[in-house]
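Architecture and fold: a report
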Amino acid sequence: MFKTVMFMLLLTVVGGIGAAGVAVYGLWHYGRDLPEHKVLADYQPPTATRVHAGDGRLIAEFATENRVFVPVSSMPKRVLQAFISAEDKNFYTHFGVDPLALVRAVLTNVRIVLRGGGRPIGASTITQQVAKNFLLTNELSIERKIKEAILALRIERVLSKDRILELYLNEIFLGYRSYGVAAAALNYFDKSLDELSLEEAAYIAALPKAPNNYHPIRRHEAAVTRRNWVIGRMLEEGYITDAEAAEARMKPLTVRPPREPVPVEARYFVEESRRIVAEKVGLSAVNKGGLSIRTTLDSRLQAIARDALRGGLTAYDRRHGYRGPVTRLDLSGAGAASKESDVWFTALLEIEDPPDIAPWRLAVVLATDAKQAEIGLKDGSLGQIPMAELTWAREALADQERGPAVNRPSEVVKVGDVVLVEPVAFGRPAKEGEDPTPYPEGSYGLRQVPEVNGAVVALDPHTGRILAMQGGWSFDDSEFNRATQARRQPGSAIKPFVYLAALEQGYTPATLILDAPFVMDQGPGQKKWKPANFSRKFYGPSPMRVGIERSRNLMTVRLAQAIGMDAVVETVDAFGVAEDMPTHLSMSLGAGETTLLDLTTAYAMLVNGGKRITPTLIDRVQDRNGGAVYRHDARLCEGCVDVAWTGQAPPEPPDPRAQVADPVSAYQVTSMLEGVVLRGTGRRISALGAPLGGKTGTTNESRDTWFIGFAPDLAVGVFVGFDTPRPLGQQPWGGQETGSSVAAPIFKEFMRQTLQEVSAAPFRTPPGVRLVRIDADTGGLATRASERVIQEAFRAGTEPTSASRGLLIDGSTSAAASGGVAGGAPAEAGAVAAPSGGAPTQRGSRGLY
């Protein structure tokens, strides 16, 4: 007996040692190649980056996984209790592996096998699920379960229970494109976590095992059963009362998808913002870092900019004819085009809508007569295009020309044509001043997507914050941003900086400049350069202001030659219009290249008094914890933080903006550009009746058209041209298309809708400016005989002192001899007015005069 007992004891010891050896070997064998679990201590789950407009509206999200990270300390207890009840009731007491749950799972799986098979159940704790989700695969095998257990033991040694639970609840996939509990609360119930009811929290806790098996719509009954099971588990664990459980079980399971925010179509702006942030923090941080990007976008101005650009492009496109249908359907079969037929309807449904055409719609022409074209739409409804809505659609010809007038609908559309249409309620009034003519119900206008393209950008001239940016007709059609990526010739839009360079050298807006033929020898074998005014006319001596208001090329070239192209290039470079611009005289007429954003920013620096600004789309970027990653306004303001107000004056933040031009000179150019709107090439904008300035720009053959303008607190730039540069053609009523006819109407429409938010105060006048009434034709003081009188801005000490025609050009007397005016014109041909008074300086036959 004794020997038997000793043998059994020895066998137990040996068996125990052997088992321990096997366990140690197993731990070594399976644990030697495991991933490093300590990385979880600093792990941050991939989280969506959110982009907000300046007014707080969500405008975009960047994510590889739709997740909203929430610290466990901020999660409601009821949510935590629901998951612990459903997934791991002993979570806060076990050491990573739950032996009791493991034994229970083994016994259950044995019964499953004895019954003939089925999917075995697991006994994974939350810690084991973290190990699997973060460090292993979903492979169903004993080896994976062993590795999972080993990793769970290791994780429990380095992470707190709360940290493990936080990783789990923010990482798990819960269906409905939801990673983590916060995203699930939004996607299933349109609620934040703290708004979830008991039954809603229980349903989300029912999902980790198999979200698709408990889909709230496709598998509603199974979903309710599983939810109620979780409620029962919470009751067993003592987290809720019997009454709460009974009430929760009675509630229906109703999902409420998240409300779609009012859309802000700003994808050009958003994509540019994404690029900028990615350059600063890296693409991975943008897509996975859970950043909060607060942009400068003004949602209302962005909508106005988009509508104004699309309206302007459409207006230009309609002036140059109709290019034909989107496609054609074969409706030649008997009855195929009848209103009752399904043939046209089925065929139309198969045609994909062109990108970004709303509120336009696709329709097929079913019949035409003398008064209208009958159409069918994708929703099966019928309508008509009145003849009045087809008269614009003359055949588009080469070189932006168009064919003869339209007399019948059949000259424009044929049966089977698939066209774009837009609902219309009224036609044009029969006579000016009469009310519009109402159309019958179901009337549509013919539309087409423009070939021409363009961009609009609006920014705050004092801070550089970009408030709106529309980089083209449609981001879906082309992601190329014409506001920032298209380098085009600015044409006459460059001229303000030529005149600014002259003003900085002491000339005045009343300085007379000769408008006469100009010829330059370009060297052996080269043609002579002969710039000309747009009108092909010459106007003789004219004040500098007239040169910019009427966009006189010859005056600009003479002025650039007089002050030297080095001065012009220096000014253009200082304002960021273009880098490394050649010192050729043709550059003074806009032969270089720039972008719309750069040019608009330069104009903004004119209106803000000559202070440098850096355009920005981003106000600030914060990480997932609220820490600052980037801030555009990096000024330090002493006395601005933690200060109780006791009646003292508010602190003044420093102004670090560099002065790139004298404030007086900048104001003089601003004043002259205001004259462009009041009397010059931008005068169609004066109908708005607000203090506005700006300048048109048109390049050779009207390949590029611009209007850059501003109010005292808003700068707006517009560019229109074909992506592959080609002439914009002739206007139907005669004359080339120009910045005045193509780009200026877009600016006007934008400002018309914006002016209620823009200051109606006049432009700010800096110290040192004298406003003097002068004769607009002579540049001298105004008299009773003056036909055109304007108020001109002079630097103090340079204003005219007489009503004479300035320093006159008759070739017989000099400025000094005639007692010329300070800053006026020289007295003899071939001389240049001396800056700020004094004797003229000889410049030769190609001087100002």
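See the structure printed just above.
Cut-off values and rules
Residues numbered from 1 in each chain as written. Predicted model: local features only at pLDDT ≥ 70, side-chain atom pairs only at ≥ 80, totals over all residues. Heavy atoms only, no water. Helix = DSSP H or I, 4+ residues; strand = E, 2+ residues; numbered from the N terminus. Contact = heavy atoms within 4.5 Å. Areas by Shrake-Rupley, 256 points an atom, 1.4 Å probe, with all protein chains shown as cover. Pairing = 2+ DSSP bridges. Axes fitted to C-alpha atoms, helices over the stretch in contact; angles between N-to-C directions. Buried < 20%, exposed > 50% of the residue type's maximum accessible area, 1.4 Å probe, protein only. Salt bridge = Lys/Arg side-chain N within 4 Å of Asp/Glu carboxyl O. Polar contact = N/O pair within 3.5 Å; in protein donor to acceptor, adjacent residues only side chain to side chain. Parallel < 35°, antiparallel > 145°, perpendicular 65-115°, else oblique. Left-handed = near helix turned anticlockwise from the far one by under 90°. Nonpolar A, V, L, I, M, F, W, Y, C, P; charged D, E, K, R; others polar. 1 Å grid on protein atoms, 1.4 Å probe; cavity = no way out; pocket = protein on both sides within 12 Å on 5 of 7 lines; lining within 4 Å. Points joined across faces, edges and corners; volume = space filled by probe spheres on them. Core = buried A, V, L, I, M, F, W, Y, C linked by side-chain atoms within 4.5 Å. Phe/Tyr/Trp six-rings, centres within 6.5 Å; stacked < 30°, edge-to-face > 60°. Arc of directions from axis to C-beta.

Broken down by element type, the chain carries 21 helices and 24 strands. The contacts of the chain with a sequence gap of at least 6 include a subset with a gap of at least 24, amounting to 67%. Total accessible area computed for the chain in this model is approximately 39900 Å², and 53% of it derives from carbon and sulfur atoms.

Pairing within the open sheet is mixed, and its 5 strands lie in the order β2-β1-β3-β16-β17. The sheet is open, and its two edges are formed by β2 (58-62) and β17 (628-631), each paired on a single side. Taken pair by pair, the neighbouring strands of this sheet meet at an average axis angle of 15 degrees, ignoring direction. Examined bridge by bridge, strand β16 (residues 618-622) and β17 share 3 bridges and lie antiparallel to one another. Residue pairing across strands places V621 opposite Y630, the latter belonging to β17.

Here the focus is unusual backbone geometry. Working note: non-glycine residues mostly have negative phi, and peptide bonds are mostly trans. Note that the residue after A358, namely P359, is joined by a cis bond; omega there is 10 degrees. Note on placement: P359 falls in the loop between α14 (343-349) and β5 (361-368). Even without a glycine there, the phi angle at D580 is positive, about 55 degrees. Judged by its relative accessible area of 76%, D580 is exposed. One non-glycine residue, E701, lies in the positive phi region at around 60 degrees.

With that settled, consider the pattern of salt bridges. Under the counting rule described, the total for this entry stands at 42 salt bridges. Its salt-bridge partner being K251, residue E247 comes within 3.9 Å of it at the nearest N-O pair. Note that E792 is salt-bridged to R545, the shortest N-O span being 2.6 Å. One end of the pair, E792, is in strand β22 (residues 789-795); the other, R545, is in helix α16 (residues 544-549), with 247 residues separating them in the sequence. The exposure class of E792 is buried, given its relative accessible area of 0%.

Quick look at the side chain of D88 now. Its place among the elements puts D88 in the loop between α2 (77-87) and α3 (99-114). One polar contact links the side chain of D88 to the main-chain amide nitrogen of I126, over a distance of 2.9 Å.

Time to look at the packing of helix α15 (residues 495-504) against helix α17 (residues 553-563). Helix-helix packing is characterised by the crossing angle of the two axes and by the distance between the axes. Here α15 crosses α17 at 40 degrees, and the two axes come no closer than 10 Å. As summarised for this structure, α15 and α17 are arranged oblique, according to the angle between their axes. Taken as a pair, α15 and α17 cross one another with a handedness that is left-handed. In contact with K495, V498, Y499, A501 and A502 of α15, α17 contributes N553, M555, T556, L559, A560 and I563. Residues of the contact of α15 with α17, tallied by class, amount to 8 nonpolar, 2 polar and 1 charged.

Attention now goes to empty space enclosed by the protein. On inspection of all chains with the given rule, the structure shows 5 cavities of 30 Å³ or more. Within this model, the second largest cavity holds a volume of roughly 40 Å³. In terms of lining, the second largest cavity is formed by R545, V546, E549, R550, R679, A776, R788 and I790. If you tally residues by element for the lining of the second largest cavity, the top one is α16, at 3 residues. The class makeup of the residues in the lining of the second largest cavity is 3 nonpolar, no polar and 5 charged.

A separate point is the sheet that holds strand β13 (residues 466-470). Strand order in the open sheet formed by 5 strands is β13-β12-β20-β19-β18, with antiparallel pairing between adjacent strands. Strands at the two margins of the open sheet, each flanked by one partner only, are β13 and β18 (693-698). With strand direction ignored, the average angle separating the axes of adjacent strands in the sheet is 5 degrees. With 7 bridges connecting them, strand β12 (residues 453-459) and strand β20 (residues 714-721) associate as antiparallel partners. Bridge pairing in β20 links G454 to V720.

This brings us to the nonpolar core. The biggest cluster of nonpolar side chains holds 82 residues, and the ones touching the most others in it are F497, M544 and F575. Looking at this core element by element, the count peaks at 9 residues for helix α19 (residues 596-607). A131, A205, A206 and I231 belong to the second largest nonpolar core, which has 50 residues in total.

For the coordinates displayed, the defined rule picks out 18 aromatic pairs. With 6.4 Å between their ring centres and 70 degrees between their planes, Y316 and F722 make a pair best called edge-to-face. With Y316 in helix α13 (residues 299-319) and F722 in the loop between β20 and α21 (744-754), the pair connects residues that are 406 residues apart, well separated along the chain. Since its relative accessible area comes to 3%, F722 is described here as buried.

With that settled, the discussion passes to the packing of α2 against helix α8 (residues 198-205). Packing of α2 against α8 brings their axes to within 9 Å, and their N-to-C directions diverge by 40 degrees. Looking at the two axes, α2 sits oblique to α8. Viewed along their axes, α2 and α8 form a crossing whose handedness is right-handed. Residues R78, V79, A82, F83, A86 and E87 of α2 form the contact with α8, whose own contacting residues are L198, A201, A202, I204 and A205. Looking at the contact of α2 with α8, its residues break down into 9 nonpolar, no polar and 2 charged.

Residues lying three or four places apart along an α-helix face the same way, a consequence of the helix completing one turn every 3.6 residues. Considered for burial, the residues of α21 that qualify are A744, I746, F747, F750, M751 and T754. Axial view of α21: buried residues confined to an arc of 160 degrees, hence all on one face. Residues of α21 that are buried in the fold lie against α13, β12, β18, β19 (705-711) and β20.

A large share of β12 lies buried, amounting to 7 of its 7 residues. By the alternation rule, side chains of β12 split into N453, A455, V457 and L459 and G454, V456 and A458, which are all buried. Alignment of β12 against β13, held across 4 bridges, turns out to be antiparallel. Considered in β13, the bridge of L459 is made with I466. Hairpin connection between β12 and β13: a loop of 6 residues separates the two successive antiparallel strands, and G464 in this loop has a positive phi of roughly 85 degrees.

By the secondary structure assignment, N625 is in the loop between β16 and β17. By relative accessible area, which is 60% here, N625 ends up exposed. Between the alpha carbons of N625 and P71 there is a distance of 9.4 Å; along the sequence they are 554 residues apart.

On to the layout of surface pockets. In this model, the second largest pocket occupies a volume close to 1200 Å³. Surrounding the second largest pocket, 40 residues form its lining, S492, N533, F534, N553 and T698 being those nearest its centre. Classifying every residue of the lining of the second largest pocket gives 7 nonpolar, 23 polar and 10 charged.

Let's shift gears to the environment of E787. The topology assignment puts E787 in the loop between β21 (769-775) and β22. Residue classification places E787 among the exposed residues on the basis of a relative accessible area of 75%. Sequence separation between E787 and D775 is 12 residues; the distance between their C-alpha atoms is 7.5 Å.

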